[in-house]
Amino acid sequence: MSSTLFRLRQANTVRRGTTRAGRGTAWARRLGIAAVVAYCLAPFYWMVVSSLRRPADQFSNAPLPAPVSLDNYSAAFDARNGFGRALVNSLVVAGVTTAVTLVVAIFAGYALARLQFRGKTLILTLIIAASMFPPIILVVPLLELFADAGWINTYQAMIVPSMSFALPLAVWNLTAFFRQMPAELEKAAQVDGCTPAQAFRKVVLPLAAPGVFTTAILVFICAWNEFLIAVSVVNDRHMMTANVIVSLFTGQYKYDQPFGTQMAAGVVVTLPLVVAVLFFQRRIVDGLTAGGLK
């Protein structure tokens, strides 16, 4: 009897120790996640705080603005800055780039995933290799090409290069996604009377929505944040994107740096991306993890 009680007490002690260790591990994970989140969001938090200070307090190091002021936002949207028009330009460039890139990448990714032909691996390798060229080495050739074509100060001068940078990522992403989808889906649809095009449109494409949506978010962010090409091929303020206009903000005097106004404009430019990622985070995670397991 005593040996049985001893064993039960020993088992309870081990169980308590395991539970405490599990709780300690859980708290360590939570603290680690909190530290990573704080590290990533600290710059955005400071940008928001700085944008809400009065212009006279823009060099303050206080953790909260006191008092809260919207003067910087009013200055950012001043008609002389052209920031509102620049936001529209950024939306047009990023939206068209995302739409056209998705259409091309969906068909290219599906073809590379399903069709068997010579050189398919080489094509995928070249697609990834194309994304490794830094944009800075392409600026001069693009300037010469667009100047000869009369594309300077046009939307297409910003959309076409953005597509060339976003397409490799989109094609590679969607190719990997379509490969994980069983080919029996199309065969079953064709047995039921669908043509290959109908099987793709009615069966494959709806099931591929998570991957397409994730790719669309990534391409939109890439196109929205693009700066080097936009600042190189456009010199008309009415055609500049938001990122370029923010870099041209001037203060009350020639050498006055409007930090508060730039912070306010930075919040306006960044906030749509943050809201989109937070709002669609479940879809993004589903798209990134879809196809991981068959």
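Note: the structure precedes this text.
Before going into details, it helps to say that this report is about the structure given with it. (Residues numbered from 1 in each chain as written. Predicted model: local features only at pLDDT ≥ 70, side-chain atom pairs only at ≥ 80, totals over all residues. Heavy atoms only, no water.)

**A few points about a nonpolar patch on the surface**
Here is step 1 of the chain: Taken together, Val96, Val100, Val103, Val104 and Phe107 make up a surface patch of nonpolar side chains, about 390 Å² in accessible area.
Here is step 2 of the chain: Assignment of secondary structure puts valine 104 in helix H3 (residues 83-114).
Here is step 3 of the chain: For valine 104, a relative accessible area of 38% corresponds to the partly exposed category. (Patch = residues over 30% accessible without salt bridge, like charges linked within 9 Å, V, L, I, M, F, W, Y side chains within 5 Å. Areas by Shrake-Rupley, 256 points an atom, 1.4 Å probe, with all protein chains shown as cover. Salt bridge = Lys/Arg side-chain N within 4 Å of Asp/Glu carboxyl O. Helix = DSSP H or I, 4+ residues; strand = E, 2+ residues; numbered from the N terminus. Buried < 20%, exposed > 50% of the residue type's maximum accessible area, 1.4 Å probe, protein only.)

**Side note on helix H9 (residues 209-225)**
Here is step 1 of the chain: Taking 1.5 Å per residue as the helical rise, H9 with its 17 residues ought to reach 24 Å, and the 24 Å between its terminal C-alpha atoms agrees with that figure.
Here is step 2 of the chain: Looking at H9, one finds that the buried residues are Gly211, Val212, Thr214, Thr215, Ala216, Ile217, Val219, Ala223 and Trp224. (Expected span 1.5 Å × (residues − 1).)

**A short note on the packing of helix H7 (residues 184-191) against helix H8 (residues 196-207)**
Here is step 1 of the chain: Where H7 contacts H8, the axes come no closer than 9 Å and their chain directions differ by 135°. If you check the angle between H7 and H8, you find them oblique. Viewed along their axes, H7 and H8 form a crossing whose handedness is right-handed. Each of Leu185, Glu186, Ala189 and Gln190 in H7 lies in contact with H8, whose residues at this interface are Pro196, Ala199, Val203, Val204 and Leu207.
Here is step 2 of the chain: Here the residues of the contact of H7 with H8 sort into seven nonpolar, one polar and one charged. (Axes fitted to C-alpha atoms, helices over the stretch in contact; angles between N-to-C directions. Parallel < 35°, antiparallel > 145°, perpendicular 65-115°, else oblique. Left-handed = near helix turned anticlockwise from the far one by under 90°. Contact = heavy atoms within 4.5 Å. Nonpolar A, V, L, I, M, F, W, Y, C, P; charged D, E, K, R; others polar.)

**As for the nonpolar core**
Here is step 1 of the chain: In this structure, Phe83, Leu87, Phe178 and Val233 are the most contacted members of the largest nonpolar core, which totals 56 residues.
Here is step 2 of the chain: Each residue touching leucine 87, except ones within four places of it in the same chain, is listed here: Phe77, Trp224, Ala242, Val268 and Val269. (Core = buried A, V, L, I, M, F, W, Y, C linked by side-chain atoms within 4.5 Å.)

**With respect to the pattern of salt bridges**
Side chains bearing opposite charge may pair, as long as their charged atoms lie close to each other.
Here is step 1 of the chain: This structure, assessed with the given rule, holds three salt bridges.
Here is step 2 of the chain: Residue aspartate 78 is joined to arginine 80 by a salt bridge in which the shortest nitrogen-to-oxygen separation is 3.0 Å.
Here is step 3 of the chain: The class for arginine 80 is exposed, based on a relative accessible area of 73%.

**Points about empty space enclosed by the protein**
Here is step 1 of the chain: Taken as a whole, this structure holds one cavity of 30 Å³ or more when the rule is applied.
Here is step 2 of the chain: Looking at the largest cavity, its volume works out to about 70 Å³.
Here is step 3 of the chain: Taken together, Ser90, Val93, Ala94, Met158, Ser162, Ala223, Trp224, Glu226, Ala230, Thr241 and Asn243 form the lining of the largest cavity.
Here is step 4 of the chain: Elements represented by at least two residues in the lining of the largest cavity include exactly H3, helix H6 (156-179) and H9.
Here is step 5 of the chain: If you tally residues by element for the lining of the largest cavity, the top one is H3, at three residues. (1 Å grid on protein atoms, 1.4 Å probe; cavity = no way out; pocket = protein on both sides within 12 Å on 5 of 7 lines; lining within 4 Å. Points joined across faces, edges and corners; volume = space filled by probe spheres on them.)

**Re the packing of H3 against H6**
Here is step 1 of the chain: At a closest axis distance of 7 Å, the pairing of H3 and H6 adopts a crossing angle of 35°. Note that H3 runs across H6; the crossing there is right-handed.
Here is step 2 of the chain: Its residues placed into classes, the contact of H3 with H6 shows 19 nonpolar, five polar and two charged.

**Quick look at the side chain of threonine 241**
Here is step 1 of the chain: Inspection of the secondary structure assignment puts threonine 241 in the loop between helix H10 (228-233) and helix H11 (242-247).
Here is step 2 of the chain: Apart from residues lying up to four places away in sequence, threonine 241 is in contact with Ala86, Asn89, Ser90, Val93, Met158 and Ala230.

**Re the packing of aromatic side chains**
Here is step 1 of the chain: Following the criterion strictly, the structure yields 10 aromatic pairs and no others.
Here is step 2 of the chain: Between phenylalanine 59 and phenylalanine 259, the aromatic rings sit 5.6 Å apart at their centres with planes inclined by 75°, giving edge-to-face as the arrangement. You can see phenylalanine 59 sitting in the loop between helix H1 (2-51) and helix H2 (71-76) and its partner phenylalanine 259 sitting in helix H12 (residues 259-279), a full 200 residues away along the chain.
Here is step 3 of the chain: The cationic tip of arginine 53 hangs over the ring face of tryptophan 46; the distance from NZ or CZ to the ring centre is 5.1 Å. (Phe/Tyr/Trp six-rings, centres within 6.5 Å; stacked < 30°, edge-to-face > 60°. Lys NZ or Arg CZ within 6 Å of the ring centre and 35° of its normal.)

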